[in-house]
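# Secondary and tertiary structure notes
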Amino acid sequence: QVQLEESGGGLVQPGGSLRLSCTASGSIFNINAMGWYRQAPGKQRELVASLTAGGTTNYADSVKGRITISKDGAVNTVYLQMNALKPEDTAVYYCHAVLLIIGDGHEYNYWGQGTQVTVSK
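This report concerns the structure included in the present document. (Residues numbered from 1 in each chain as written. Predicted model: local features only at pLDDT ≥ 70, side-chain atom pairs only at ≥ 80, totals over all residues. Heavy atoms only, no water.)

## Here we look at the layout of surface pockets
Heads up, the rule is: Of the two site types, the cavity is a set of points on a 1 Å grid over the protein atoms alone where a 1.4 Å probe fits but cannot get out, and the pocket is an open set with protein on both sides within 12 Å along at least five of seven lines, each lined by residues with an atom within 4 Å of a point. Grid points are joined across faces, edges and corners, and a volume is the space filled by probe spheres set on the points. The numbering of helices and of strands both runs from the N terminus, where a helix is a DSSP run of H or I of at least 4 residues and a strand a run of E of at least 2. The classification used treats Ala, Val, Leu, Ile, Met, Phe, Trp, Tyr, Cys and Pro as nonpolar, Asp, Glu, Lys and Arg as charged, and all other residues, Gly among them, as polar.
By volume, the largest pocket amounts to about 190 Å³. Lining the largest pocket are 16 residues, and of these I31, M34, K71, G73 and N76 lie nearest its centre. No other element matches strand β4 (residues 28–39), which puts seven residues into the lining of the largest pocket. Considering only residue class, the lining of the largest pocket consists of eight nonpolar, six polar and two charged. The computed volume of the second largest pocket comes to approximately 160 Å³. What lines the second largest pocket is a set of 13 residues, among which R38, K43, E46, S62 and E88 lie closest to the centre. For the lining of the second largest pocket, the per-class residue count stands at two nonpolar, four polar and seven charged.

Below is the structure:
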């Protein structure tokens, strides 16, 4: 009933910038939070940044000052602006949402399919 569609990944040089987008669609009553996770080869998935409906943000220490999460509530879209990218930022980035489905009072977790970000010369 709900889908998260990600876009914006690609290959960039160290120090470059990239902006990821994630749009939630379907039978959504309310989105309580959205965020971005990433998984690099040989590592477990980790939180990059999250944003609640109330505007509270949370960032991984490794990206603070370089990455900004924002949203456009009118279109159920969350963005991840990434600047001063480093090779260690290379990973598959996954969009995540905590939301309420129309007619259902339970919270559900949804994940996007992932988009590859590669930072290399």
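## Observations regarding the state of the cysteines
Linking two cysteines covalently via their sulfur atoms produces the bond known as a disulfide. Note the threshold: What counts as a disulfide here is a pair of cysteine sulfur atoms lying within 2.5 Å. The cut-offs for exposure are 20% and 50% of the maximum accessible area for each residue type, with area from a 1.4 Å probe on protein chains only; residues under the lower value are buried, those over the upper are exposed, and the others partly exposed.
Applying the stated criterion to the full structure yields one disulfide. Two residues, C22 and C95, share a disulfide whose sulfurs are 2.0 Å apart. An S-S torsion of about -85° defines the bridge between C22 and C95 as left-handed. Here C22, found in strand β3 (residues 18–26), pairs with C95, found in strand β9 (residues 91–101); they are 73 residues apart in sequence, far enough to count as distant. Of the two residues, C22 and C95, both sit in the buried class.

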